[in-house]
Structures are given as structure tokens and as C-alpha cells.
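Residues per chain are reported as follows:
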Amino acid sequence: MIIAAEVADLPPGPKVVAVGSFDGVHLGHQSLLAKARALAAQERLPLLVYTFDPPTKVFMRGVGMLSTLSEKLDLLREQGVDLALAVPFDEDFAARDKAAFLDDLVRLEARRLVVGEDFAFGRGRSGGPADLKTVAPTLTVPLLDLGGAPVKSTRIRELLEQGDVEAARHLLGRPYGARGIVRQGERLGRRLGFPTANVETAPGKVLPRGVFAARTWVAERAYPAVVNVGTRPTVRGSGLRLEAHLIGFSGELYGHELRLVFLKKLRDERAFEDLEALRSQIARDLEAARRFFRL
Ligand SMILES: Cc1cc2nc3c(=O)[nH]c(=O)nc-3n(C[C@H](O)[C@H](O)[C@H](O)COP(=O)(O)O)c2cc1C
Ligand SMILES: Nc1ncnc2c1ncn2[C@@H]1O[C@H](COP(=O)(O)OP(=O)(O)O)[C@@H](O)[C@H]1O
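Predicted model only: the values in this text are computed from it and were never measured.

Student: Teacher, can you tell me more about the overall build of the protein chain here?
Tutor: In terms of helices and strands, the protein chain carries 10 helices and 14 strands. Along the three orthogonal principal directions, the C-alpha set of the protein chain runs to about 70 × 40 × 35 Å. In the protein chain, of all internal contacts separated by at least 6 residues, the share reaching a separation of at least 24 is 73%. For the protein chain, the accessible surface area stands at approximately 14,300 Å², while carbon and sulfur atoms represent 50% of it.

As C-alpha cells, this is what we get:
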């Protein structure tokens, strides 16, 4: 997949262009991309995804994001997208009028356009499908319905904020994941008997709170894990932290990238009277995770 941040950096030639924020690349996005891919194959043209970083709603409304740019690009690649244009979405971009956006599509040599039915663009969301049709024939894809409501990033964000990683998984078509570099913490984990890799995720990334059974990867190796996402009230922690105790791992992780997917919520985070009480609870969490993984 070829990736660019500006129209001028993409190879010339006609293309099928799908436009949207694609935050999370959920099942709705995936069905839209499948239609776009089929259209591209039929027309013998490459498929380009024109997307925004951060997602427009994240910038405009300050909500959290389901996928960072690198996660989104990986997911788009998995969906068989040939080219990705990820433009920085900022004040200037939000203020551009709809003609400027249409001009981008012309410069991209868009021969067919594919958008979700709720897509709008340009300052004040003034542009819509009728405007797009002045550039190229436009396929407007209806929102995919699951469980009696459309699949939308907002709905998934809300489920994750409630810690419901299993319902989020149904709408995403895969378990929700996060990634980041392992940083040094207060080195209390080892003293507790449960070393925990402290994973620094991107600012603004949505994290479900609580204790979870998770699958983790370091380089290409997979480890089952118990993960806590919270503020560690027992040790008067500050700020939200993601900490993973990898089952069957020993060694150093500092500076390595750790990836994980949240599989099952085990419980909410709590304040314990003392470290001993926390230690025995983590031991029970570990047992619950082992049962989950049938270890
Ligand atoms: C499975 C698991 C569950 C945890 N649950 C809680 C909890 O309920 N309350 C809490 O205050 N801290 C909890 N923690 C966080 C520990 O307080 C944290 O791992 C410890 O402070 C180690 O911090 P350090 O990595 O900075 O040394 C949990 C950690 C793990 C791995
Ligand atoms: N099974 C394991 N799971 C997670 N981290 C481990 C494990 N075994 C060793 N480690 C190492 O121990 C570190 C965590 O130890 P800990 O005392 O909790 O320190 P910190 O406060 O720096 O997170 C990890 O970053 C990693 O390098």
C-alpha cells in the first residue's frame, strides 16, 4: 500500500476513491471497502482511500479515537486498499470550502467515488453526494445495521467507554486493540510478584477501563496476559495507565513495542486496603485469565 499525506505525493492515473474518517475500520467500513474494492476490480483501477488524521470528529468534538493513524493504515492494508491519502485534519483543513475538496478529487483523477450515506465535507459540512457527482459517478453506501442500529464509530466508542469489549468486538469484526512502547513505571510490579509492562499508548486513543484477559504480542511472539487499564488507586497512581502482565514471559520489555487485543473484561479496577490485598486479587485475576485461555 502506498501512503501519502498530500495529493501531489501520489502516483498519477485514474483511481476509485473511497472517502471517510474510517475510525476503527469497523464492519460498516469493511463492507463499504469491499464494495469499493469490487468496483476497482471491475474498472481495473487501483483503490485509494482518502482519509483524515485525526478523524474529523476527534478533531472537531475532542472525542477519543479508536485507531491511531498507524493502526488505521495497517487495517486499510488488510482490507486490500492500494493507496492511502491521510491528510492532516486541522483548523485550516476544516475551514476549506467544498470546492477545495472537490478539486482534490479531480487532481486525484477519481473515476468513481464511494462514500457512506452520512458523509459530508467542506466547511460546515456543506458538501454532499450531489457535489461529489460533479466529479465522478458516486456510490453512496447505506450504513450497515447490526443489532437494530447502524454500526458507527461513536457507538463502538461508547461501548468501550463502558468496558464492553465483547460488544465492541462484534461491531469491529475483530477484538479491539492498542499498541505502544513499554516504559519504565514505579517498579512496584516486580515487588508485588507480578511484573507489569507499562504500555504508552497514543494520546487520545480510546482505552476500555478495568481488568481484562488480553492477547499480547512482542515482535511476532504472542503471550496471553492480564491487563489493567486504570489509575491504580491502591498506590495513589495518577493518570490513566495500561499495564500488562504477560503469562509465560520473563525478561526485559523496556523500549519494545507491545501490541494487544482486549478479549474479556474480568472486573472493574478498585482501591484495595493494602498491597497484600491487591496482590491476592491480581493472583485471582491471573487464575481467571488462565481459565479464559484454558491454560
Ligand atoms: C491484573 C492486574 C490488576 C490490577 N488491578 C488493580 C486494581 O484493582 N487496583 C489498583 O489500584 N491497581 C491495580 N493494578 C495495578 C497495580 O497497582 C500496578 O500494576 C502496580 O502498581 C505496579 O505498578 P508499576 O508497573 O508502576 O510498578 C492491577 C494490575 C494488574 C496487572
Ligand atoms: N511476565 C512479564 N510481564 C510483563 N513484564 C515483565 C514480565 N517479566 C518481566 N517483565 C519486565 O518487567 C518490567 C515490569 O516490572 P515492574 O516492576 O512492574 O516495573 P515497571 O514499574 O517499570 O513497570 C516490564 O517492563 C518488563 O521489562
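Once the structure has been displayed, the description carries forward.
Student: Hey, could you run me through the sheet that holds strand β5 (residues 110-116) in this one?
Tutor: Strand pairing in a sheet takes place through backbone hydrogen bonds and is either antiparallel or parallel in direction. With parallel pairing, the six strands of this open sheet are ordered in space as β1-β4-β3-β2-β5-β6. One side of each edge strand has no neighbouring strand; the edge strands of this open sheet are β1 (2-4) and β6 (138-141). The sheet shows a mean angle of 20 degrees between the axes of neighbouring strands, direction not considered. Bridge count for β1 against strand β4 (residues 83-88) is three bridges, and the pairing is parallel.

Student: Would you mind showing me how to read the site of ligand 1 here?
Tutor: In the vicinity of ligand 1 there are 23 residues, among which L188, G189, T234, E243 and R270 approach most closely. Here E186 contributes a backbone N or O atom positioned 2.8 Å from an oxygen atom of ligand 1. Its free accessible area being 620 Å², ligand 1 has 99% of it covered by the protein chains. When atoms are counted within 2 Å of each cavity's grid points, the one that captures over half of ligand 1 is the second largest pocket. Here the shell around ligand 1 is composed, by residue class, of nine nonpolar, five polar and nine charged.

Student: Sorry, what's going on with the UniProt feature "domain: Riboflavin kinase" (unreviewed entry) in the protein chain here?
Tutor: The feature "domain: Riboflavin kinase" (unreviewed entry), as annotated in UniProt, sits at residues 171-294 in this numbering. With 20% helix and 38% strand, the stretch residues 171-294 has end C-alpha atoms that lie 26 Å from each other.

Student: Got a minute to help me understand the layout of surface pockets in this structure?
Tutor: What the largest pocket holds in volume is close to 980 Å³. Contributing elements (two or more residues each) for the lining of the largest pocket: α1 (27-43), α2 (56-61), α4 (91-95) and α7 (153-161). Here the lining of the largest pocket takes four residues from α2, the largest share from any one element. Residues that form the lining of the largest pocket fall into these classes: 18 nonpolar, 11 polar and 10 charged. The calculated volume of the second largest pocket comes to roughly 740 Å³. G189, F194, P195, T196 and E243 are the residues nearest the centre of the second largest pocket, which is lined by 41 residues in total. The leading source of residues in the lining of the second largest pocket is strand β13 (residues 241-246), at five residues. Residue composition of the lining of the second largest pocket, by class: 19 nonpolar, 10 polar and 12 charged.

Student: Teacher, can you tell me more about the sheet that holds strand β9 (residues 177-183) here?
Tutor: Overall, antiparallel pairing links the six strands, which are arranged β9-β10-β13-β12-β11-β14 in a closed barrel. The sheet shows a mean angle of 45 degrees between the axes of neighbouring strands, direction not considered. As defined by bridge partners, strand β12 (residues 221-230) adjoins β13 across six bridges and the pair is classed as antiparallel. Across the sheet, the residue bridging to G230 is R241, located in β13. Sheet strands touched by helix α3 (residues 69-78): β9 and β14 (257-267). Its angle to β9, the strand with the most contacts, is close to 135 degrees. This element, helix α8 (residues 165-172), spans β11 (210-218) and β14 of the sheet and lies at about 120 degrees to β14.

Student: Got a minute to help me understand the environment of F93 in this structure?
Tutor: Note that F93 resides in helix α4. On the basis of relative accessible area, F93 is assigned to the buried category, the value being 14%. Linking F93 and L192, residues 99 residues apart in sequence, is a C-alpha distance of 49 Å.

Student: Is there a simple way to think about the pattern of salt bridges in this case?
Tutor: Opposite charge on two side chains allows them to pair when their charged atoms are near. This structure, assessed with the given rule, holds 21 salt bridges. In this structure, the salt-bridge partner of D104 is R107, at a minimum N-O distance of 3.4 Å. Remark: R107 and D104 occur in helix α5 (residues 98-107); sequence separation between them is three residues, near one turn of the helix. Residue class for D104 comes out buried when judged on its relative accessible area of 5%. R107 sits in the partly exposed class, given a relative accessible area of 47%. Of the charged contacts, one joins D285 and R267 as a salt bridge, the two residues approaching to 2.8 Å between their closest N and O atoms. With D285 in helix α10 (residues 275-292) and R267 in strand β14, this pair connects stretches of sequence that are 18 residues apart.

Each value, and the rule that gives it
- In this convention, every chain numbers its residues from 1, walking through the sequence in written order.
- Starting at A for chains and at 1 for ligands, labels are handed out in the order in which the entities are written.
- Whole-chain, interface and lining totals are the exception, using all residues; otherwise, since this is a predicted model, local features are given only for residues with pLDDT of at least 70 and side-chain atom pairs are given and counted only at 80 or more.
- Only hydrogens and water are set aside; all other atoms, that is, all heavy atoms of the structure, feed into the side-chain values.
- Strands here are runs of E lasting at least two residues and helices are runs of H or I lasting at least four, both read from the DSSP assignment and numbered beginning at the N terminus.
- Contacts are assigned to residue pairs that have any heavy atoms within 4.5 Å of one another.
- For accessible areas, the Shrake-Rupley method is used with a probe of radius 1.4 Å. Any residue's cover is judged against the shown protein chains and nothing else.
- One requirement defines pairing of two strands: DSSP has to find at least two bridges between them.
- Fitted lines through C-alpha atoms give the axes, limited to the stretch in contact for helices. The angle between two N-to-C directions lies from 0 to 180 degrees.
- The nearness test applies per residue and asks whether one of its heavy atoms lies within 4 Å of the molecule or strand.
- Throughout this description, a polar contact denotes any pair of N or O atoms lying within 3.5 Å of each other; where both atoms belong to protein, one of them has to be capable of donating a hydrogen while the other can accept it, and for residues adjacent in sequence the pair is counted only when both atoms sit in side chains.
- For each structure, a 1 Å grid was placed over the protein atoms alone; sets of points admitting a 1.4 Å probe that cannot get out are labelled cavities, open sets with protein on both sides within 12 Å along at least five of seven lines are labelled pockets, and lining residues have an atom within 4 Å of a point.
- For this analysis, a molecule is said to be in a pocket or cavity if more than half of its atoms are within 2 Å of the grid points defining it.
- Residue polarity is assigned by list, with Asp, Glu, Lys and Arg as charged and Ala, Val, Leu, Ile, Met, Phe, Trp, Tyr, Cys and Pro as nonpolar; anything else, Gly included, falls into the polar class.
- UniProt positions are given in the numbering used here, feature names are shortened, and annotations may be inferred rather than shown by experiment.
- Grid points are joined across faces, edges and corners, and a volume is the space filled by probe spheres set on the points.
- The rule is simple: take the accessible area with a 1.4 Å probe, protein chains only, and divide by the maximum for that residue type; under 20% is buried, over 50% is exposed, in between is partly exposed.
- By convention in these notes, a salt bridge is any Lys or Arg side-chain nitrogen within 4 Å of a carboxyl oxygen on Asp or Glu.

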